[in-house]
Amino acid sequence: MRFGRGLFAALAALLPVAAFAQTAASSTDSKTDAPLGVPAGYVQVWADEFDSPGAPDPKKWAYDTSRNKEGWYNEELQYYAADRPENVRVENGHLILEARKERLTDKADFGGQNYASGKLVTKGLGDWKYGYIEIRAKLACGRGLWPAIWMLASDGKAGWPAMGEIDIMEHVGWDPGRVHGTIHTKAYNHVAKTQKGADAMVPDACTAFHNYQLDWNEDRILIGVDGHAHMRFDNDHKGDPATWPFASPQYLILNVAVGGWGGQKGIDDAAFPSKMEVDYVRVWQKR
């Protein structure tokens, strides 16, 4: 979704800051139409069912607050709060990531933002090379909102976009019901306008839970919703990390941004508070 971020000073000299984040627009040249499900021979290796109310399980999730003081990429306008239940909590069996219109001026890393939200990562706690990942969620919606479910390489030394990014689901509030699946690599990325992706309509994405899914193996990436793949990206098997950097572990990111791509048509302050609810996260791998 948005690149997330603080590792990439070397690349910053080569690409504009807006590159470090998520998709600035989705393409449609990777459209597919295929069934999607847990492959035969796979077993569940990681999950969070969000059964324990309170803060997210620290053995599975960490907060990303790394750019609060400097400001987040893509002209995003949110402050990501840590250990603040107004923005991130588990209740009634769901993880809640809630964006609110408020200025957290008491925070040491406050960067002047008019909005507060939540961003969680599994880096170092859940990192996977290949697998089937399913996130059941109901999205935060409203003009200006930008919820996302996405992945980045655990080893970020190559910088973005060379490290590789997989966007399982992005939704921008000014285009309700359209979800995007996209990948970014050195050769294929939105800064160069070469990103590979596709979108699908999920008309009740803002009011009902849906299963957002990734099937990633050494040959290809499939992204879809509710058992139906709408995006496919194939490994060209040239051994070139510029086109296929996806042969190394990635970690999962859940967040609700404000502004950026989501703010291209302004921000409706009446949309706040708005929350993404996650029923579960499950990961399977071949055994």
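Scoring rules and cut-offs
Residues numbered from 1 in each chain as written. Predicted model: local features only at pLDDT ≥ 70, side-chain atom pairs only at ≥ 80, totals over all residues. Heavy atoms only, no water. Core = buried A, V, L, I, M, F, W, Y, C linked by side-chain atoms within 4.5 Å. Buried < 20%, exposed > 50% of the residue type's maximum accessible area, 1.4 Å probe, protein only. Contact = heavy atoms within 4.5 Å. Helix = DSSP H or I, 4+ residues; strand = E, 2+ residues; numbered from the N terminus. Polar contact = N/O pair within 3.5 Å; in protein donor to acceptor, adjacent residues only side chain to side chain. Disulfide = S-S within 2.5 Å. Pairing = 2+ DSSP bridges. pLDDT = per-residue confidence, 0-100. Salt bridge = Lys/Arg side-chain N within 4 Å of Asp/Glu carboxyl O.

Re the nonpolar core
Right, on to step 1. Of all hydrophobic cores here, the largest spans 50 residues; its most connected members are Tyr212, Ile221, Leu252 and Leu254.
Right, on to step 2. When neighbours within four sequence positions are excluded, Ile221 is seen to be in contact with Ile166, Ile183, Leu214, Asp215, Trp216, Met231, Arg232, Phe233, Trp244 and Phe246.
Right, on to step 3. In terms of nonpolar packing, the next biggest core, distinct from the first, is built from 9 residues, Trp150, Leu152, Ala153 and Met163 among them.

Focus: the side chain of Thr243
Right, on to step 1. Mapped onto the secondary structure, Thr243 falls in the loop between strand 17 (228-234) and strand 18 (250-258).
Right, on to step 2. Among the polar contacts made by the side chain of Thr243, one reaches the side chain of Asp236 at a distance of 2.9 Å.
Right, on to step 3. Excluding its chain neighbours within four sequence positions, the residues that come into contact with Thr243 are Thr185, Ala187, Tyr188, Phe233 and Asp236.

Side note on the state of the cysteines
Right, on to step 1. Per the counting criterion, the structure on display carries 1 disulfide.
Right, on to step 2. A disulfide bridge connects Cys141 with Cys206, and the sulfur atoms are separated by 1.9 Å. Torsion about the S-S bond of the Cys141 and Cys206 cystine: about -80°, corresponding to left-handed handedness. Of the two residues, Cys141 is situated in the loop between strand 10 (131-138) and strand 11 (145-153) and Cys206 in the loop between strand 14 (196-201) and strand 15 (210-216); the sequence distance between them amounts to 65 residues.

Quick notes on the environment of Pro161
Right, on to step 1. Take Pro161: it is sitting in the loop between strand 11 and strand 12 (165-170).
Right, on to step 2. The sequence separation of Pro161 and Ile183 amounts to 22 residues, and the corresponding C-alpha distance is 9.6 Å.

Section: the pairing of strand 16 (residues 220-225)
Right, on to step 1. Most of strand 16 is tucked away: 6 of the 6 residues are buried.
Right, on to step 2. Alternating positions in strand 16 separate into two faces, Arg220, Leu222 and Gly224 on one and Ile221, Ile223 and Val225 on the other, with burial throughout.
Right, on to step 3. When strand 15 meets strand 16, the two strands line up antiparallel, connected through 5 bridges. Paired with Tyr212 across the bridge in strand 16 is Val225.
Right, on to step 4. Hairpin connection from strand 15 to strand 16: 3 residues lie between these consecutive antiparallel strands.
Right, on to step 5. Relative to strand 17, strand 16 runs antiparallel, the two being bridged by 6 bridges. The residue bridging Ile221 from the neighbouring strand is Phe233, located in strand 17.
Right, on to step 6. Counting the residues between successive antiparallel strands, the hairpin from strand 16 to strand 17 contains 2 residues, one of them, Asp226, with a positive phi of roughly 55°.

Brief notes about the confidence of the model for the chain
Right, on to step 1. Averaged over the chain, the pLDDT score is 92; the fraction of residues at 70 or greater is 90%.
Right, on to step 2. Taken together, the stretch residues 4-25 has pLDDT below 50 and engages in 74 contacts with residues farther than four places along the chain or on a different chain.

Notes on the pairing of strand 6 (residues 94-101)
Right, on to step 1. Burial analysis of strand 6 places 6 of its 8 residues in the buried class, which makes it a mostly covered element.
Right, on to step 2. Counted between consecutive antiparallel strands, the loop separating strand 5 (residues 88-91) from strand 6 contains 2 residues, among which Asn92 sits at a positive phi close to 55°.
Right, on to step 3. Taken together, the 5 bridges between strand 6 and strand 19 (residues 274-286) define a ladder with antiparallel strand orientation. Along strand 19, the bridge assignment pairs Ala99 with Ser274.

Describing the pattern of salt bridges
Right, on to step 1. Inspection of every chain in the model, using the stated rule, returns 16 salt bridges.
Right, on to step 2. Taking the shortest distance from any N to any O, the salt bridge between Glu49 and Arg282 comes out at 2.9 Å. Highlighted residues: Glu49 in the loop between strand 2 (42-48) and strand 3 (62-63) and Arg282 in strand 19, separated in sequence by 233 residues.
Right, on to step 3. When its relative accessible area of 28% is taken as the criterion, Glu49 is described as partly exposed.
Right, on to step 4. The salt bridge partner of Asp279 is Arg136, with a shortest N-O separation of 3.7 Å.

A look at unusual backbone geometry
Glycine aside, a negative phi is what most residues show, and trans is what most peptide bonds show.
Right, on to step 1. In this chain, Trp160 is followed by Pro161 through a cis amide linkage whose omega measures 10°.
Right, on to step 2. Put simply, Phe272 and Pro273 share a cis peptide bond, and its omega is -5°.
Right, on to step 3. With respect to the element layout, Pro273 can be found in the loop between strand 18 and strand 19.
Right, on to step 4. A positive phi angle is found at Phe50, which is not glycine, with a value near 55°.
Right, on to step 5. Among the secondary structure elements, Phe50 is positioned in the loop between strand 2 and strand 3.
Right, on to step 6. Its identity is not glycine, yet His237 carries a phi of approximately 55°, on the positive side.

Digging into the environment of Gly164
Right, on to step 1. Along the chain, the position of Gly164 falls in the loop between strand 11 and strand 12.
Right, on to step 2. What makes Gly164 buried here is its relative accessible area of 0%.
Right, on to step 3. Setting aside chain neighbours within four positions, we find Gly164 in contact with Met151, Leu152, Ala153, His184, Pro245, Phe246 and Gln250.

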